Amino acid sequence: MEIRKVGVVGCGLMGSGIVEVVAKAGYPVVVREINDDLLNKGLARIRGSMSKAVERGKLSPADMDAAWSRIVGTTDMYAFDECDLVIEAAIENLDLKKEIFAQLDQITPPHAILASNTSSLSITVMAAATKRPDKVLGMHFFNPVPVMPLLEMVRALLTSDETFSTAREFGEKKLGKTVVIAKDNPGFIVNLLLVPFLLDAVRALELGVATKEDIDTGVKLGLNHPMGPLTLLDFVGLDTTLFIADAMFEEFKDPKYAAPPLLRRMVTAGLYGRKSGRGFYDYSK
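Basis of the calculations
- Residues numbered from 1 in each chain as written.
- Predicted model: local features only at pLDDT ≥ 70, side-chain atom pairs only at ≥ 80, totals over all residues.
- Heavy atoms only, no water.
- Helix = DSSP H or I, 4+ residues; strand = E, 2+ residues; numbered from the N terminus.
- Rg over C-alpha atoms; globule rule 2.2 N^0.38 Å.
- Contact = heavy atoms within 4.5 Å.
- Areas by Shrake-Rupley, 256 points an atom, 1.4 Å probe, with all protein chains shown as cover.
- Lys, Arg positive; Asp, Glu negative; His and termini not counted.
- Charge placed at Lys NZ, Arg CZ, Asp CG, Glu CD.
- Pairing = 2+ DSSP bridges.
- Axes fitted to C-alpha atoms, helices over the stretch in contact; angles between N-to-C directions.
- Buried < 20%, exposed > 50% of the residue type's maximum accessible area, 1.4 Å probe, protein only.
- Salt bridge = Lys/Arg side-chain N within 4 Å of Asp/Glu carboxyl O.

Colleague: What am I meant to see in the overall build of the protein here?
Modeller: The secondary structure content of the protein amounts to 11 helices and eight strands. Against the globule reference of 19 Å for 285 residues, the protein gives a C-alpha radius of gyration of 19 Å, in line with a compact fold. Projected onto its principal axes, the C-alpha coordinates of the protein cover approximately 55 × 45 × 35 Å. Residue pairs at least 24 apart in sequence account for 66% of intrachain contacts in the protein once pairs closer than 6 positions are excluded. For the protein, the computed accessible surface area is about 13500 Å², with 54% contributed by carbon and sulfur atoms. Here the protein contributes 33 positive and 36 negative side-chain charges, whose respective centroids are spaced 3 Å apart.

Rendered as structure tokens:
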């Protein structure tokens, strides 16, 4: 099957990044948000990201204009009615994602592939909300999508060979991503290993093992990571990490996936990290 038009559900940090890379790869892309305010913020984020790429010499002004012309923003789910591939990039809430997949199943053409950008939730459960489970799979991009080369692809129990090969070719050859393949296991590859590490960093801070600055510096210089775990949590979003940790704990009942009280309190207080202006660090200025 040939992919000619792509849809993206959600224009937040991940959705906007997916829209950008798809448009720059030459595909017309429709992105849907739940209201005009969120849609305009997302489109402005895409415009800003591409403008920075032009400033850095990574993208020509002509290519930016061409990519921008391929993007259509909407608040109407029925705008996906001509898409060959739709990538869901909503928040990590399984009930919401099941609802979205059921809607997409009714709206998109019968041949269309439905993918989720989830980083931890079951693709098989989402597929069960449709009448085309053979055409559902996971395509987990990494933030920031235009920069990060990895695409984690997840095959559900009923994903067909044709669906998987079509989506893999799109990710590798069209978007230029490096693909790794995981089974439909909570956390897949990256978050299965990353989430306990991040939670342990919060526990270390909570226990007073060290300051947040020294925890981050220790990991950066001792493990040669580009950023420390608490900085990374702020970048990913404390709320997103909590969603993922709760989902993995629910599946495995393993204490290493249990969210520390400090993380839950910070999310309750609205301290989500960079996107809210404050997390473990202050970004308000």
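There's plenty left to go through after this.
Colleague: I'm lost on the sheet that holds strand β2 (residues 29–32) in this one. Help?
Modeller: Hydrogen bonds between backbone atoms are what pair the strands of a sheet, whose relative direction is either parallel or antiparallel. In space, the eight strands of this open sheet follow the order β3-β2-β1-β4-β5-β6-β7-β8, with mixed pairing throughout. Looking at which strands have only one partner, the edges of the open sheet turn out to be β3 (71–74) and β8 (178–183). Ignoring strand direction, the axes of neighbouring strands in this sheet form an average angle of 25°. Strand direction decides the pairing type here: strand β6 (residues 136–141) and strand β7 (residues 150–155), joined by five bridges, are antiparallel. In the strand pairing of β7, L137 is matched with R155. Most of the contacts of helix α4 (residues 94–107) go to strand β5 (residues 113–116), to which it runs at about 165°, and overall it touches β1 (6–9), β4 (85–88), β5 and β6.

Colleague: Honestly, the pairing of β1 in this entry has me stumped. Any pointers?
Modeller: Successive residues of a regular strand alternate their side chains across the two faces of the sheet. Residues V6 and V8 point to one face of β1 and G7 and V9 to the other, with burial holding for every one of them. With four bridges connecting them, β1 and β4 associate as parallel partners. Bridge pairing in β4 places G7 opposite V86.

Colleague: What's the story with the pattern of salt bridges in this structure? I'm lost.
Modeller: Oppositely charged side chains can pair when the atoms bearing their charge come close. Overall, the coordinates contain 15 salt bridges when judged by the stated rule. Between K97 and E88 there is a salt bridge; the shortest N-O distance is 2.4 Å. Here K275 ties to D239 by a salt bridge, and the two come within 2.9 Å at their closest N and O atoms. With K275 in the segment after α11 (261–268) and D239 in helix α10 (residues 238–252), this residue pair connects regions lying 36 residues apart in the sequence. Residue classification places K275 among the partly exposed positions, given a relative accessible area of 44%. Residue classification places D239 among the buried residues on the basis of a relative accessible area of 16%. Salt bridges sharing common partners tie together E88, E92 and K97.

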